[in-house]
Amino acid sequence: MESVDYQNVISDKDIRRFPISITTTEVNLTGSWRFYKPEFKEKISPCSVGCPANTNIPKYIHYLLKNDMDRAVEVLRRENPFPATCGRVCPHFCQSKCNRKDYDGAVEIKQIERFVGDYALKVPPKKAKVLSSKKVAVVGGGPAGLSCAYFLALGGYRVDLFEKERFLGGLLIYGIPDYRLPKEVATKEIENILEVGNINVNLGVDVNKEKVEELKKNYDAVFVALGLSEDKTPGNVAIDNEHVFSGYELLKEIKVNGRVDLDGDNISVLGGGNVAFDIARSIRRAGKDVNIICMETLETSPAFEDEKKEAIEEGIKVVDSRFLQNLKITDRGLHLQLRGVDKVLDNYEPVLNDYVEYMDTDILIVAIGRKREESILGIEGVFFGGDFYNGAKTVIEAVASGKKAAFEIMAKLEGKEFKLMNEDDQFFRSTDDFDEYKVIPFERININYFSEQKPIKLSRLAANERVNNFNEIVMKPSLEKILREAKRCFSCGVCNECKTCWFFCPDMCIDVHEKVDFDYSFCKGCGVCSEECPRGVIDMVEDK
Amino acid sequence: MNKDMMLGSEAVALGVKLSRPKVISAYPITPQTHIIEKLSEMVDGGELDASFIRVESELSAISAALGASQAGVRAFTATSSHGLALMHEILHWIAGSRLPVVLVNANRAIGSPWNIWTDQSDSMSQRDLGWMQVYCETAQEALDTVLQAFYVAEKVLLPIMVMIDGFILSHTLEEVIIPSQEQADKFLPPYKPEYFLDVDNPLSFGNAAKGDVFYHLREDMQCSMEASFGVIREAHNRFDEAFGRKYDFVEGYCLDDAEIVFVIAGALTGTIRVAVDKLRDLGIKAGLLKIRYFRPFPADIIKELLKTKEHVIVLNRSVSFGSAGQLTQEVKNALYYEPNKPNIYDYILSLGGKDVFVEDIVNLAKDVGNLKTSKMLWRE
Amino acid sequence: MIEIRFHGRGGQGAVIASKILAYAYFLDGYHSQAFPTYGAERRGAPVAAYVRVDDKFINVRSPVVNPDYVIVMSGKLADTVDVSSGIKENGLILINSELNADYYNFEEKCRVMCFDVSGIALKYGLGTKIMPIINVPILGVFSKITNSVSLESLKRATPRFVSTGIDKNIEALEEAYNLA
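Residues numbered from 1 in each chain as written. Chains lettered and ligands numbered in written order. Predicted model: local features only at pLDDT ≥ 70, side-chain atom pairs only at ≥ 80, totals over all residues. Heavy atoms only, no water.

## Considering the pairing of strand 15 (residues 363-366) of chain A
All names here are of chain A.
Then, in step 1: The alternating pattern of strand 15 places Ile363 and Ile365 and Leu364 and Val366 on opposite faces, both of which are buried.
Then, in step 2: Here strand 8 (residues 244-246) pairs with strand 15 via three bridges, running parallel. Within strand 15, the position partnered with Val244 by the bridge is Leu364.
Then, in step 3: Here strand 9 (residues 266-270) runs beside strand 15; their pairing, made up of four bridges, is parallel. In the sheet register, Leu270 faces strand 15, and the bridge partner there is Val366. (Buried < 20%, exposed > 50% of the residue type's maximum accessible area, 1.4 Å probe, protein only. Helix = DSSP H or I, 4+ residues; strand = E, 2+ residues; numbered from the N terminus. Pairing = 2+ DSSP bridges.)

## With respect to the sheet that holds strand 3 (residues 135-139) of chain A
Residues and elements named next belong to chain A.
Then, in step 1: The five strands lie next to each other as 5-4-3-6-17, forming an open sheet whose pairing is parallel. Looking along the sheet, the strands with just one partner apiece sit at the ends: strand 5 (199-203) and strand 17 (383-384).
Then, in step 2: Two strands pair when backbone bridges link them, and strand 6 (residues 221-224) and strand 17 are joined in this way by two bridges, in the parallel orientation. The partner of Val224 across the bridge, within strand 17, is Phe384.
Then, in step 3: Of the strands in this sheet, strand 3, strand 6 and strand 17 touch helix 16 (residues 395-413), which is tilted by about 170 degrees from strand 6. (Contact = heavy atoms within 4.5 Å. Axes fitted to C-alpha atoms, helices over the stretch in contact; angles between N-to-C directions.)

## As for the side chain of Thr30 of chain A
Residue and element names in this part refer to chain A.
Then, in step 1: Take Thr30: it is sitting in the loop between strand 1 (20-21) and strand 2 (36-40).
Then, in step 2: Take Thr30: its relative accessible area is 7%, and that puts it in the buried class.
Then, in step 3: Ignoring anything within four residues of it in the chain, the contact list for Thr30 reads Asp507, Ser521, Phe522, Cys523 and Lys524.

## Section: the packing of aromatic side chains
Then, in step 1: By the definition in use, this model includes 30 aromatic pairs over all chains.
Then, in step 2: Seen from their ring centres, Phe294 of chain B and Phe297 of chain B are 5.7 Å apart, and the 80 degrees between their planes marks the pair as edge-to-face. Neither residue differs from the other here; Phe294 of chain B and Phe297 of chain B are each classed as buried.
Then, in step 3: An aromatic cluster is defined as three or more aromatic residues linked by ring pairs; in this entry it consists of Tyr151, Phe187, Phe239, Phe243 and Tyr247 of chain B.
Then, in step 4: Taking the ring centre of Tyr174 of chain A as reference, the NZ or CZ of Lys252 of chain A above it sits at 5.7 Å. (Phe/Tyr/Trp six-rings, centres within 6.5 Å; stacked < 30°, edge-to-face > 60°. Lys NZ or Arg CZ within 6 Å of the ring centre and 35° of its normal.)

## Structural notes on the packing of helix 1 (residues 8-18) of chain B against helix 2 (residues 34-44) of chain B
Residues and elements named next belong to chain B.
Then, in step 1: Following both chains from N to C, one finds helix 1 and helix 2 inclined at 45 degrees, their axes separated by 8 Å at the closest point. Between helix 1 and helix 2, the angle falls in the class oblique. Helix 1 and helix 2 meet at a crossing whose hand is right-handed. Residue-level inspection shows Ser9, Glu10, Val12, Ala13, Leu14, Val16 and Lys17 of helix 1 in contact with helix 2, the latter providing His34, Ile35, Lys38, Leu39 and Met42.
Then, in step 2: Its residues assigned to classes, the contact of helix 1 with helix 2 shows seven nonpolar, two polar and three charged. (Parallel < 35°, antiparallel > 145°, perpendicular 65-115°, else oblique. Left-handed = near helix turned anticlockwise from the far one by under 90°. Nonpolar A, V, L, I, M, F, W, Y, C, P; charged D, E, K, R; others polar.)

## With respect to the packing of helix 7 (residues 143-154) of chain A against helix 16 of chain A
Residue and element names in this part refer to chain A.
Then, in step 1: For the pair helix 7 and helix 16, interaxial distance at closest approach is 7 Å and the crossing angle is 40 degrees. Every pair of crossing elements has a handedness; the one defined by helix 7 and helix 16 is right-handed. Across the interface between the two elements, Pro143, Ala144, Ser147, Cys148, Phe151 and Leu152 from helix 7 touch Val395, Ala398, Val399, Ser401, Gly402, Lys403, Ala405, Ala406, Phe407, Ile409 and Met410 from helix 16.
Then, in step 2: In terms of residue class, the contact of helix 7 with helix 16 is built from 13 nonpolar, three polar and one charged.

## What to know about helix 10 (residues 269-281) of chain B
Residues and elements named next belong to chain B.
Then, in step 1: For helix 10, which comprises 13 residues, the first-to-last C-alpha distance of 18 Å matches the rise-based estimate of 18 Å (1.5 Å per residue) to within 8%.
Then, in step 2: When we look at burial in helix 10, the residues that qualify are Thr269, Gly270, Thr271, Ile272, Arg273, Ala275, Val276 and Leu279.
Then, in step 3: Those residues of helix 10 that are buried lie in contact with strand 10 (250-253), strand 11 (260-264), strand 12 (286-291), strand 14 (311-316) and helix 13 (358-366).
Then, in step 4: Following helix 10 by one or two positions, Gly283 adopts a phi angle in the positive range, close to 85 degrees. (Expected span 1.5 Å × (residues − 1).)

## A short note on the environment of Trp378 of chain B
Residues and elements named next belong to chain B.
Then, in step 1: Within the secondary structure layout, Trp378 lies in strand 16 (residues 377-378).
Then, in step 2: For Trp378, a relative accessible area of 47% gives the class partly exposed.
Then, in step 3: On a C-alpha basis, the gap between Trp378 and Tyr347 in space is 6.1 Å, while along the polypeptide they are 31 residues apart.
Then, in step 4: Those residues in contact with Trp378 that sit more than four places away from it in its chain are Val319, Ile348 and Leu351.

## Structural notes on the environment of Gly352 of chain B
All names here are of chain B.
Then, in step 1: Positionally, Gly352 belongs in the loop between strand 15 (343-348) and helix 13.
Then, in step 2: You can call Gly352 buried: its relative accessible area is 18%.
Then, in step 3: Along the backbone, Gly352 and Ile110 are 242 residues apart, and their C-alpha atoms lie at a distance of 8.2 Å.

## Quick word on the sheet that holds strand 16 of chain B
All names here are of chain B.
Then, in step 1: Across the sheet, which stays open at both edges, the six strands sit in the order 10-12-11-14-15-16 with mixed pairing between neighbours. Edge positions in the sheet fall to strand 10 and strand 16, since each has one partner strand and no second.
Then, in step 2: As paired strands, strand 11 and strand 14 are joined by four bridges and run parallel to one another. Bridge assignment links Val263 to a residue of strand 14, and that residue is Val314.
Then, in step 3: Lying on the sheet, helix 10 is in contact with strand 10, strand 11, strand 12 and strand 14; it crosses strand 12 at an angle near 165 degrees.
Then, in step 4: Strands in contact with helix 13 are strand 11, strand 14 and strand 15; relative to strand 11, the strand with the most contacts, it is inclined by about 135 degrees.

## What about the nonpolar core?
Then, in step 1: Ranked by size, the top nonpolar core spans 127 residues in total, and within it Leu39, Phe76, Trp131, Val152, Phe262 and Ile313 of chain B carry the most contacts.
Then, in step 2: Here the element with the most residues in this core is helix 7 (residues 139-156) of chain B; it accounts for eleven residues.
Then, in step 3: A domain split of this core shows at least three residues from each of domain 1 (3-243) and domain 2 (250-378) of chain B.
Then, in step 4: Excluding residues that lie within four positions of it along the chain, Val152 of chain B makes contacts with Met132, Leu157, Ile160, Val231, Ile232, Ala235 and Tyr293 of chain B.
Then, in step 5: Counting residues in hydrophobic clusters, the runner-up holds 49 residues, among them Leu146, Leu181, Ala225 and Phe407 of chain A. (Core = buried A, V, L, I, M, F, W, Y, C linked by side-chain atoms within 4.5 Å. Domains from an automatic or database assignment.)

## Notes on a negative patch on the surface
All names here are of chain A.
Then, in step 1: Taken together, the side chains of Asp240, Glu242, Asp263 and Asp265 define an acidic patch exposed on the protein surface.
Then, in step 2: One can find Asp263 in the loop between helix 11 (247-257) and strand 9.
Then, in step 3: Given a relative accessible area of 74%, Asp263 falls into the exposed group. (Patch = residues over 30% accessible without salt bridge, like charges linked within 9 Å, V, L, I, M, F, W, Y side chains within 5 Å. Areas by Shrake-Rupley, 256 points an atom, 1.4 Å probe, with all protein chains shown as cover. Salt bridge = Lys/Arg side-chain N within 4 Å of Asp/Glu carboxyl O. Lys, Arg positive; Asp, Glu negative; His and termini not counted. Charge placed at Lys NZ, Arg CZ, Asp CG, Glu CD.)

Structural data, given as C-alpha cells:
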C-alpha cells in the first residue's frame, strides 16, 4: 500500500492534488495473501458417463452454441464416427443420466446430436497420416468394425477391412428400417469414415475360422466383429421361407429392394426386441395386419420404448406374455398354440403357466435373436467386439467396443500399457473407470443460474401419415428449437466460457478463453469464482 | 433579445443543453422534474448530442454521472428530495474524486410524513460533501447558473449542485431571456480534462490511501474551495461580458441604509423583495441579503455587508435539529469576530411548502422589537 | 398588477389554461407568471392555478389570495369550493355554467358572470359530456369581457400548451369570444 503514491498531477497551487495515482494497483501483489487457490479443472458430465462411447456432450453443445460447427463435429467424432446415425437410432443412455432430468426434464441430446451429425455428413474428416508400418485386419464392416478401423486409421495404422456383404455397414445398411435410419445417412457416414484414409476395404469376403487364423499370421493384429450370423429359432420351428421366415433376412430384403412380398395378409412376428418390432412395422407399411407375440410383457420386452409406442400407434397388436409352444401348418396357413408366461428368467427361459391360447396366422416371422459363430471365439490373440462379442446391443455400444479394441490394439503394438483413461487429451476417456475424475452431481450445479424450462417438444408424423411409407418419423427440429434446447444444457463440469467467474472476480485476475486462466500474482484465493461457477469447473485447492 | 416564457425546470434543461454535456443520467420517475423530461426529448430529437442514460434509481444515476465524468466528458444529472438523499454516498465519491459533475436539485421536503412540496432540507443535508452549492431565485438565474456551474466546476475540479425551489420555481411559468448557442459556446469552452479513464494512458483513480495521504487530499479539497472564490468571480465577469447579466455570491436589495435585514436563499427571495418594498413604503428601513453561493460560503462578503446592521433576520427553509437553521449558523459564524455584531434571529420560515405571504414578512419586521435572539423562532 | 385565480378539477385543464393566459399576456407585452397549486394530482380533485400580470418583473411567488379575476371551470365547483375567497372589490368571477349569474350569491362584493362554455366545447368535440374540456374557449370569454388580454395572443399561445385538437380549440376560442 505504501507504494501507491499520489502525484501532484495538477500544477495549480490552489487546486493541488487529485486522488489519481500514476502508479497502479499492479504494485500491490495481492496474490501473496493467498493460502487457497482456484484451479481450472474440468470434470466429467453424467451424460458423458452414460454414453458408452463417452462422448463429451457438453463440449460439442458449447461449440454448437458458439456457432463453431466444425469444432462441434470434431468433438463428436473424437469419440464416435457415427453421430448422424446415433442421433437417430441411439437410445441415448446419456439422457437418462442428465442432471437436468429430475429438475425440469433431461436435455433432448438425441436431437442435438442428430443436428450436429447431419451437419457432419457434409464435412469429411481430415485425412490421417500413416505413422506405423504395422497393419491390422478388421473382420466385419458393421459399426464395431468400422469404428475400430476408424480409430486405428486416425492413430496412423493401416487397416484391411473385410466384409461379407456387397456394402459396408452391417445392420445400419441391412437391418434398421429407413423410417428409423435412412440409408443415405448411414452410407454417407461410412463414406466419411473411409475419407480418413489408411483403410483398405475388401467386400464380399466371407471370413471363417480358418481365415481368421490366416489373418492372424499375416497381420500385426486382428479385430473380429462379425456380428450375429445365424437366427435363433424356437426348437419346434424351422425357417422354411414359405410359412416361416427370418425377421433379419426380411429386413435385409426390404433395405435392399425397398419392399418385400409376402403371401398372406395376416402376419405374426415372434419376438420382443427391436428386430421384431422393426420387421413388424416394416410389414405393416405394406398394408398387412401384423401382431407381435412375445414372452415378456409389453413393458418389459427389450425393444426401445419409442418402437413399442409407435408400433401400437401404427395398429400393430402385441400379444404379450405368450410362449409359442406349437405350430401346425394347415392349408389355410398356420395354427399356433400359445402358452401363458408368468415371467422370463435371465437366461431367456420362460416360466409357463397353464393358460393356453390358439391363434391362426398366414405367416410367422421369427425374430427372437441371433447366434454367433462360436468356433472363432476360441482363437487366442485376436480382439473381439460388437454384437459378436457382447450379444445384441445398440449401435453406440458396438461403436464403443470397436473404439476400445482399437486403443487396446494400438497400446499393444506400441508396447504400452492400455489405459482406459487418457487424462491429457481426452482422446479416449472411456468406459467404467472414472476414479481420477469426479462426475459432477446435480448438487454441484449452481442452480441459481438456471431457470426451469421444459425440453422442446418433438414433432412426429402421425400414425396415418407413416404407415404407407418409410419416411423418418421424428421430424427435424428447427435450428431455433435446437439452440433453445442446447442452451438448457447445464454443461456439467465442462467450461462453456460463461464468464461468470470473470464477472465476479474482485481482483480482475481471471481470463476466460476456451478455459479459465488465473493471474496468481493478484488472485487472493477468495474462492468467489469457484463458488459462483454454475458448473463446478473451478476447484479451490490448498496453495503450498 | 430573444425572450420566452418557460417553467423553471425547462429553463434548467435549456441551460444544460447550451452547456453541451455528453452524458445525462437520470432516474425518470418521482421525484423527478421536467428537467429530465425536456432533456430526454432534446436528446431524442437530435437537438442535443449526448447519451441519455435512464437508470433504475438515483444511486445509479449519480454513479453513471461519476463514471461518465471520470471517463472525461461533461456529465449532468438532476433530482429532488428523496432522490438526492439516495445519491448521498456517491456524492461523496464525486467530490473526493474531484469530478466536475453538475447536478440540479429541485428543493423539496423529505418525509416522514409524506410531503412533496418545497423546502431546502434535502440539499442542506448534503452541505458537507465537498460539493459547491448555489441557490437560484428565478428561472433566468437557474438557466444562467447552470452555464456558470460547468465553467466553475471544471476549473475548480469540484462538483456543483444547483438548487431551484420545487414548484415555486421549478413549476412556475415565467419569462426568460434565451441565450444563443454561440453566446454559450463563447462563455463555456469545451471540457478538456487532463486526467481521465484512458486505456492508452492508464492511471488508477480512487486507489486506497492511508491516513497521511487521505488527510492531505482532504486539505486540498478545502484549499480548492477557498481558491474557488477567484474562479467564481471570474465566471461572473465572463458571464456579464458574454450575456450582459451580472451575478455575485450574494445579492443585496435596499441594503445600504437598512436597519432590518432579511437573509434568505432560493426562490422565496422574490416574495421578500416585495415585502421590503412594502416596509419601505411604511417607512421601515428594511433590506434583503440573498445568498446564492452557500458552498463555498462567502463569509467575508457577508460580514462586510451585515456588520453594521441592527437586526438580521435569517430566514431558513431547513433546520439542523438541536442546533439552528443552517443558514443562521453560517451567518452567525461570519459575524463572530465583529465587536458590534447585529442581533441575529434564527427564523424558520417555511418547511414542506408552507405558504409565505408578503404580509407575513411585513408583520415580522414590524414585530422585530419582540423577537428573541436566544432561541429558534417559528411562525405562529 | 393583475392577479387571476383558476379553480378547476384535475383533468379539466385549469393549469394549462393558466399557462396559456400568462403566455398570452406575455405576448401582449406584459410581464406575467403562472403556477399551480400542487396536491394530490388526481383526476377530479379540486385544483387551483394562478396568473399574475404586471408591467414589471414579478417577484412575488406566493399563492394569489386577493385575485382581480377568478375563473371557475365548472359551475358545480362553486358550490363546494370557496371560489370568491379574498376577491378584490369589484373583482370578477367568471363561471362556466348554464345557470344565471343570480344563482350564485357570494358574500364578497364582486361581479359574477356565467357562460355556458361547455356547450361550445362539446360543439367542437372537446372532451366528453361528463367532462368537457373548456380551458381554451373559456379564455375567449375572459378576453372579451375583461378586455385585458388580446384574442390574437390567446390564439398564438394555445398551440404551445395544447398538444391535440389545436384547431378545434382555437375555433371554440373564437366562437366563445364572439358570443360573449
